[in-house]
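Next come the chains, spelled out residue by residue.
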Amino acid sequence: MSENVPVEETPATEVKGGEMPVVKNPPRRKYFENGRIRKPIPDMSRPLGSLYWPLAIPALLCSLLAVLVFTHLIELGSVATNWNLLFNVNVATALILLLAGALAIVPKLLKNPLEWRNRNTILSFVVLVLVALYFLSGALPLGPFKGLDLGTFTYALTSLSINLLALMLLVIALVWLAFNGSFISGLFLFILFLWWGFSIEGFGWSTITSIFTSPTGGSLLATMIPPDWSYFSRVIDPMLITIQTAIVATVIGIVGALPLSILAARNTTPHPIIYNIVRLLVNTIRSIPSLVLALIFITIIGLGPVPGAFGLGLHTISVLTKLYSEAIESVNTHPIEALSAVGANGLKRFRWGVFPQAFPLLVSSSIYYWESNTRDSTVVAFVGGGGIGFILNQNLSLLEYAHVSVILVTLVLTVALLDRVSDFVRSRVI
Amino acid sequence: MNNSTLLEVKDLSKVYPNGYEALSDVSFELQKGEFVCIIGRSGAGKSTLLRCINGLIAVSHGSVRVQGTDITSLTDEEKLLLRRTIGFIFQEFNLVGRLTVLQNVLTGRLGYINNLQAIFGYFGREHREKALECLARVNMLQRATYRADDLSGGEKQRVAIARALAQEPSLLLADEPVASLDPELSWSVMGDLRKVAKELGVSALVNIHDIDTAKHFADRVIGIAKGRILYDGRPELLTDSLLQEIYRSDNPAAMSRYEKTSEPAEI
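Reading guide: rules and limits
Residues numbered from 1 in each chain as written. Chains lettered and ligands numbered in written order. Predicted model: local features only at pLDDT ≥ 70, side-chain atom pairs only at ≥ 80, totals over all residues. Helix = DSSP H or I, 4+ residues; strand = E, 2+ residues; numbered from the N terminus. Buried ≥ 20, exposed ≤ 12 C-beta atoms within 10 Å, placed from the backbone. Contact = placed C-beta atoms within 7 Å. Pairing = 2+ DSSP bridges. Axes fitted to C-alpha atoms, helices over the stretch in contact; angles between N-to-C directions. Domains from an automatic or database assignment. Nonpolar A, V, L, I, M, F, W, Y, C, P; charged D, E, K, R; others polar. Parallel < 35°, antiparallel > 145°, perpendicular 65-115°, else oblique. Left-handed = near helix turned anticlockwise from the far one by under 90°. Core = buried A, V, L, I, M, F, W, Y, C linked by C-beta atoms within 7 Å. pLDDT = per-residue confidence, 0-100.

1. Some words on the overall build of chain A
For chain A, the count of helices and strands is 15 helices and six strands. By residue count, 26% of the 430 residues in chain A fall in the buried class. For chain A, long-range pairs separated by at least 24 residues make up 68% of all intrachain contacts whose partners lie at least 6 apart in sequence.

2. Overview of the sheet that holds strand S8 (residues 203–208) of chain B
All names here are of chain B. Spatially, the six strands line up as an open sheet ordered S6-S7-S8-S3-S9-S10, and their pairing is mixed. Where the open sheet ends on each side, the last strands, each with one partner, are strand S6 (86–89) and strand S10 (228–233). Going across the sheet, the axis of each strand differs from the next one's by a mean of 15°, ignoring polarity.

3. Section: the domain arrangement of chain B
Splitting chain B by domain gives domain 1 (1–85 + 170–252) and domain 2 (93–168). Along the lines of polarity and charge, the residues of the side of domain 1 of chain B that touches domain 2 of chain B split into eight nonpolar, one polar and two charged.

4. Remarks on the packing of helix H8 (residues 232–263) of chain A against helix H15 (residues 401–429) of chain A
Residues and elements named next belong to chain A. At their nearest, the axes of H8 and H15 sit 10 Å apart, and the two run at 45° to each other. Between H8 and H15, the angle is such that the two are oblique. Considering how the two elements wind past one another, H8 and H15 form a crossing that is right-handed. Where H8 approaches H15, its residues Phe-232, Val-235 and Met-239 are matched on the opposing element by Val-406, Ile-407, Thr-410 and Thr-414.

5. Remarks on the sheet that holds strand S1 (residues 5–15) of chain B
Residues and elements named next belong to chain B. The strand order across the open sheet built from four strands is S2-S1-S4-S5, with neighbouring strands paired in antiparallel fashion. Only two strands of the sheet have a single partner each, and these edge strands are strand S2 (21–31) and strand S5 (69–70). Where S1 and S2 come together, seven bridges link them in antiparallel fashion. For Leu-12, the partnering residue across the bridge sits in S2 and is Val-26.

6. Description of the nonpolar core
Counting residues in hydrophobic clusters, the biggest one holds 122 residues, and the most contacted among them are B:Val105, B:Ala162 and B:Ala204. Here this core gets 10 residues from one element, more than from any other, and that element is helix H13 (residues 346–384) of chain A. Leaving out residues up to four positions away in the same chain, B:Val105 has contacts with B:Ala131, B:Cys134, B:Leu135, B:Val159, B:Ala162, B:Arg163 and B:Ala166. In this structure, A:Tyr52, A:Leu55, A:Leu170 and A:Leu177 belong to the second largest nonpolar core, which totals 12 residues.

7. Describing the interface of chain A and chain B
With 19 residues of chain A at the contact, the number on the chain B side is 22 residues. For the side of chain A that touches chain B, the secondary structure elements donating two or more residues are helix H12 (333–342) and H13 of chain A. A breakdown of the residues in the side of chain A that touches chain B according to their chemical character gives 10 nonpolar, six polar and three charged.

8. Regarding unusual backbone geometry
Between A:Ile225 and A:Pro226 the backbone carries a cis peptide bond, its omega angle lying at 5°. Among the structural elements, A:Pro226 can be located in the loop between helix H7 (215–224) and H8. Its identity as a non-glycine residue notwithstanding, B:Asp11 has a phi of 50°, on the positive side. Relative to the elements of secondary structure, B:Asp11 occurs in strand S1. A positive phi angle is found at B:Phe93, which is not glycine, with a value near 65°.

9. Digging into the confidence of the model for chain A
For chain A, per-residue confidence averages 83 on the pLDDT scale, and residues scoring 70 or more make up 88% of the total. When the criterion is pLDDT under 50, residues 1–19 of chain A qualifies, and its contacts beyond four places in sequence or with other chains add up to 24 contacts.

10. Considerations on the pairing of strand S7 (residues 171–174) of chain B
Residues and elements named next belong to chain B. The alternating pattern of S7 places Leu-171 and Leu-173 on one face and Leu-172 and Ala-174 on the opposite face, and all of these are buried. As paired elements, S6 and S7 share four bridges and run parallel to each other. Along S7, the bridge assignment pairs Gly-87 with Leu-172. Bridging between S7 and S8 involves four bridges; their strand directions are parallel. Within S8, the residue paired with Leu-172 across the bridge is Ala-204.

Next comes the structure, spelled out in structure tokens:
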């Protein structure tokens, strides 16, 4: 919020040592200026601040209307439309890329004409045009080269609910009021957001009470205790396979993440374009859930713990790259400057300046992710086989809950043991 | 320029892109074996001057000749080779905290080993012996296996001096080496620095902001104010009016410390 609140006349204040300043002529404020609502002057002597009516009244009105519309107490009906949205994804992507690139590069160039000759600018420009051309070539044949065809986007809107439209307009009005300083609008938007979240299908008091009163729940818990300890001998091997999967996945992750993280850290990357490309790639892979990656590998290679390990490994590479690069970026630059003064080149500065400082964080991230991988490989084994998740799935399907409790106890003990081991290793290394 | 001139700075200027003139037309010479102190206020350009001599900051105009080689005309790789012969001591010590004292001093030898040896941390016998000898020279051998951030301020600065000496330099640059130390300790460290420089025949250029320390230890004093040299000569010939000029603040009404003798301050 900007601090400049111009008033028409400056109030004459007098402070008598220790008293509150008395404003002799309270300024007549202008409520509207340049088409925007003026931000309120905070009145700090009142406990909750004073109510600023130009913002409060519209906010309350909009909130009331929004509640009525959201809960369908006012029913405005719907209009039958026959709108079809159709566009070629290739062309759209190319246009968006060019637009985004232009928005990023052109204002800088207009401000500083010398930038035209900068190597980075020309390189970014060329890369942008090439990528846009690649996407375009998917739609229109540009010469012999044909890029990836991304198809056509279609969306058919058959009926438009006026309630929804009214709600969106009211929300936009509330957001504008909130940005102008209305606390009521902000609070109401937050409440509306939570309300919408909780209006999920089937959520209600009855579902909460059914946790405690459901007939299936009670009998399930009854059969889980006492656990069938004779099953324990069948649990050990799958547990070991799960741990092995986790080790393989983590090592793949570390080996892949180390070079990538050097490229993805702002202070060690050879060029900003490489930095952006690596970051983009890693973020894309990271947004795919690890289970989905494991499933993809299972489809390619087959069942068993190994494809699960590969899938988890790929996910681990992406997460560890982000963690490692943040560790590398957080390093103190002064010792690096000292090494530069000694005459060390980039590689030596990294090995003796950056790496020793980042090492504790690298180790703790890796060990944390090894624990996380152990738990994830349980879930992966659920769908892929060869691990404790597999027998867990079996026993759940066969309703053998006494065995399930043995498996769960083993899992909890293993994770606790791993926790102790990792704490110990970390304390020795840092 | 005769053979005993180690460093020749001529018309050095540094102007930052926002127009701030950190150094204007600085010229001086440094002979072999001299111990020179640069005095001036904070922000006068002392750190900038040292870093320009070292090549850590690019020079806008002028030349810096170290043993005949103009550092402004070198490529980055050649600058690294030249920096091996120039030792730099920082105000905040700039040691690598997690490494031991011995490893920190060994990093001073990084300019003399190749990339592969640096990656595996293989420093040959002569490098290790040189590092131990430098540690002994600053009396820090008993702390050789301690982690660098377990030391006190004075010990860290001694290790930094050992690291600079391990480079076998011909020139030592020290950017306010004793500013973070208490007065007794700062004289002790300055004494060590001067003793070592004279023993090894290494010239030294030291930034000091305390005039008494500079007068006591220096063969020659250079006074800098607002990026210009105001005085270059023996410390005895430094008059009070010159000192007032060097340490004059931007506020003309403020009383300079060097105007009055030691009287208690006004309320």
